Amino acid sequence: MHSVVLTKGVPDFREGQVSFDEDGHLERGNTPTVMNPNDRFALQAALQTKVKHGGTVSAMSMGPPGYADVLGEAMSVYADDLYLLSDRAMAAADTWSTSITLSAGIEKLDHPDLVFAGFKTADGETGQTGPQTAWCLDYSIITHVIAMEVDEDEGRVRAKRLVEGDVDEIETVESPLPAFIVMDPEYEASYRKASHRLRRKQLQAETEERAEEYEEYLTTWDHEDLNLDPDYIGLDGSPTIVSSVDPIPKAPAEREATMATLDDEEAMSDVLETIQPFAAGD
């Protein structure tokens, strides 16, 4: 069972200052970046699949060289190996040309059984890249998945999904493998057997150790490795036109903090005097 998890670096909005060039394109190389939070659910689903069925989990991203750190963050959740699709020809891609590039990377891995993705990113929030990549691969797709199981004997995946994001309405669907699975933030991994819980603990310890030296497990491919025409990827292959962007200012601090250490009796006395009325229920 080979699973691929797509992940993306998104601006670390805690840092506030996001860099754009004069044409309104995000300068990802000059912007503090973290792994897209929704991708964590995709990684957890891939881990659950490996615990129950074995195989390999590969994490893949498209972006500048700095996205290697994002893949390292993904490996800390779970991954056996990492793939970064990166060169100047891929820069300034919209969701369509991104999907073309990602599908080429996935095909180079010899058509894995499952591809997992988060349902949207924290920056663009379009939710388009996953479904478009599935279309490029000609994989069946199940979205808003909150629970899933794989039947290896039948070569099928069964999933419970939210209907139009409504937590009160759930449907059960199934699809033949290979399949593309878009996880919903309501997803929770299920490990009912003690053997599965022990296996998960073992795998998590192993991947945390790997993540400390994630560069050793990283493969980088450019557009030539993927046999992609530069005219159909990156900015040149992107039909989307960005008319304008609004900068995101760094949020001002709303509260002041006073530092106090345990060996500073006067400061600790002030702290105690401040919190004592609240401890008494006043």
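In every chain, residue numbers begin from 1 and rise along the written sequence. In keeping with the model being predicted, local features are shown solely for residues with a pLDDT of at least 70 and side-chain atom pairs are shown and tallied solely at 80 or more, while totals for entire chains, interfaces and linings include all residues. Side-chain measures were taken over the full set of non-hydrogen atoms in the model, leaving aside hydrogen atoms and water.

1. Considering the overall build of the chain
Then comes step 1: Numbering of helices and strands starts at the N terminus; helices are DSSP runs of H or I of at least 4 residues and strands are runs of E of at least 2. Helix and strand counts for the chain stand at six helices and eleven strands.
Then comes step 2: Throughout, the Shrake-Rupley method with a 1.4 Å probe supplies accessible areas, and for residues the shown protein chains are the sole cover considered. Carbon and sulfur atoms make up 47% of the accessible area of the chain, which totals about 15900 Å².

2. Remarks on the packing of aromatic side chains
Then comes step 1: Aromatic contacts are taken between Phe, Tyr and Trp rings whose centres are within 6.5 Å, Trp giving its six-membered ring; a plane angle under 30 degrees counts as stacked, one over 60 as edge-to-face, and the others as tilted. Per the stated rule, a full pass over the model turns up two aromatic pairs.
Then comes step 2: Considering the side-chain rings of Trp96 and Trp135, the 5.8 Å spacing of their centres and the 50° angle between planes classify their relative orientation as tilted. Of the two residues, Trp96 sits in helix α3 (residues 95-108) while Trp135 sits in helix α4 (residues 129-137), which places them 39 residues apart along the sequence.
Then comes step 3: For Trp96, a relative accessible area of 29% gives the class partly exposed.
Then comes step 4: Buried residues are those whose accessible area, probed at 1.4 Å on protein chains only, stays under 20% of the maximum for their type, while exposed residues exceed 50% and partly exposed ones sit between those limits. The exposed category is assigned to Trp135, whose relative accessible area is 64%.

3. A closer look at the nonpolar core
Then comes step 1: Among buried residues, those of type Ala, Val, Leu, Ile, Met, Phe, Trp, Tyr and Cys that are joined through side-chain atoms within 4.5 Å constitute a nonpolar core. By size, the foremost hydrophobic cluster in this structure holds 37 residues, and its most contacted members are Phe116, Met148, Ile181 and Met183.
Then comes step 2: Note on contacts: a residue pair qualifies if any of its non-hydrogen atoms lie within 4.5 Å across the two residues. Excluding residues within four positions of it along the chain, Met148 makes contact with Ala45, Gln48, Thr49, Leu114, Phe116, Val157, Arg158, Ala159 and Ile181.
Then comes step 3: Leu85, Ile100, Val115 and Val182 belong to the second largest nonpolar core, which has 23 residues in total.

4. So, the pairing of strand β6 (residues 114-118)
Then comes step 1: Of all five residues in β6, five are buried, a share of seventy percent or more.
Then comes step 2: Side-chain alternation along β6 places Leu114, Phe116 and Gly118 on one buried face and Val115 and Ala117 on a second face that is also buried.
Then comes step 3: Any two strands with at least two DSSP bridges between them are considered paired. In the sheet, strand β1 (residues 2-6) pairs with β6 via three bridges, with the strands oriented parallel. Paired with Val4 across the bridge in β6 is Val115.
Then comes step 4: The sheet contact formed by β6 and strand β10 (residues 179-183) spans five bridges and is parallel. Paired with Phe116 across the bridge in β10 is Ile181.

5. A closer look at a nonpolar patch on the surface
Then comes step 1: Together, Val271, Leu272 and Ile275 make up an exposed nonpolar region whose accessible area comes to about 250 Å².
Then comes step 2: Here Val271 lies in helix α6 (residues 265-279). Within this analysis, patches are made of residues with over 30% relative accessible area and no salt bridge. Like charges are joined at 9 Å or less; nonpolar side chains (Val, Leu, Ile, Met, Phe, Trp, Tyr) at 5 Å or less. Whenever a carboxyl oxygen of Asp or Glu lies within 4 Å of a side-chain nitrogen of Lys or Arg, that contact is scored as a salt bridge.

6. Thoughts on a negative patch on the surface
Then comes step 1: In this tally Asp and Glu are treated as negative and Lys and Arg as positive; neither His nor the chain ends contributes. Taken as the charge location is NZ of Lys, CZ of Arg, CG of Asp or CD of Glu. Taken together, the side chains of Asp69, Glu206, Glu208, Glu209, Glu212, Glu213, Glu215 and Glu216 define an acidic patch exposed on the protein surface.
Then comes step 2: Take Glu216: it is sitting in the loop between α5 (194-211) and β11 (218-221).
Then comes step 3: Residue class for Glu216 comes out exposed when judged on its relative accessible area of 61%.

7. What about the environment of Gly55?
Then comes step 1: Mapping Gly55 onto the fold places it in the loop between α1 (39-53) and β4 (56-62).
Then comes step 2: Separated by 54 residues in sequence, Gly55 and Met1 have C-alpha atoms that sit 4.5 Å apart.
Then comes step 3: Gly55 has contacts with Met1, Lys50 and Asp80, leaving out every residue within four places of it along the chain.

8. Side note on the side chain of Thr207
Then comes step 1: Residue position: Thr207 is located in helix α5.
Then comes step 2: The exposure class of Thr207 is buried, given its relative accessible area of 0%.
Then comes step 3: In protein, a polar contact requires one atom able to donate a hydrogen and another able to accept it; more generally it is a pair of N or O atoms within 3.5 Å, and residues adjacent in sequence count only if both atoms are side-chain atoms. Of the polar contacts made by the side chain of Thr207, one reaches the backbone oxygen of Met75; its length is 2.5 Å.
Then comes step 4: Here the side chain of Thr207 touches Ala79 through a polar contact of 3.3 Å, landing on its backbone nitrogen.
Then comes step 5: Filtering out sequence-adjacent residues up to four positions away, Thr207 remains in contact with Met75, Ser76, Val77, Tyr78 and Ala79.

9. Describing the packing of α1 against helix α2 (residues 67-77)
Then comes step 1: Relative orientation of the contacting elements α1 and α2 amounts to 45°, with a least axis distance of 9 Å. Judged by the angle between their axes, α1 and α2 are oblique. You can see that α1 and α2 cross each other, and the crossing is right-handed. Contact residues: α1 offers Arg40, Leu43, Gln44 and Leu47, while α2 offers Glu73, Ala74 and Val77. Angles shown run from 0 to 180 degrees and are taken between the N-to-C directions of axes, each axis being a line fitted to C-alpha atoms and, for helices, limited to the stretch in contact. Under this scheme an angle from 65 to 115 degrees is roughly perpendicular, one under 35 degrees roughly parallel, and one over 145 degrees roughly antiparallel; angles in between are oblique. Left-handed describes a crossing in which the near helix is turned anticlockwise from the far one by less than a right angle; the clockwise case is right-handed.

10. Concerning the pattern of salt bridges
Then comes step 1: Going through the model one piece at a time under the given rule, you end up with eight salt bridges.
Then comes step 2: With a shortest N-O distance of 3.6 Å, Arg210 and Asp80 are connected by a salt bridge. Placement of the pair is Arg210 in helix α5 and Asp80 in the loop between α2 and β5 (81-85), with a sequence separation of 130 residues. Residues Arg210 and Asp80 agree in their burial class; the two are buried.
Then comes step 3: A salt bridge links Glu174 to Arg158; the shortest N-O distance between them is 3.1 Å. One end of the pair, Glu174, is in strand β9 (residues 166-176); the other, Arg158, is in strand β8 (residues 156-163), with 16 residues separating them in the sequence.
Then comes step 4: For Glu174, a relative accessible area of 41% corresponds to the partly exposed category.
Then comes step 5: Where salt bridges share partners, they join Asp151, Glu154, Arg156, Arg158 and Glu174 into one cluster.

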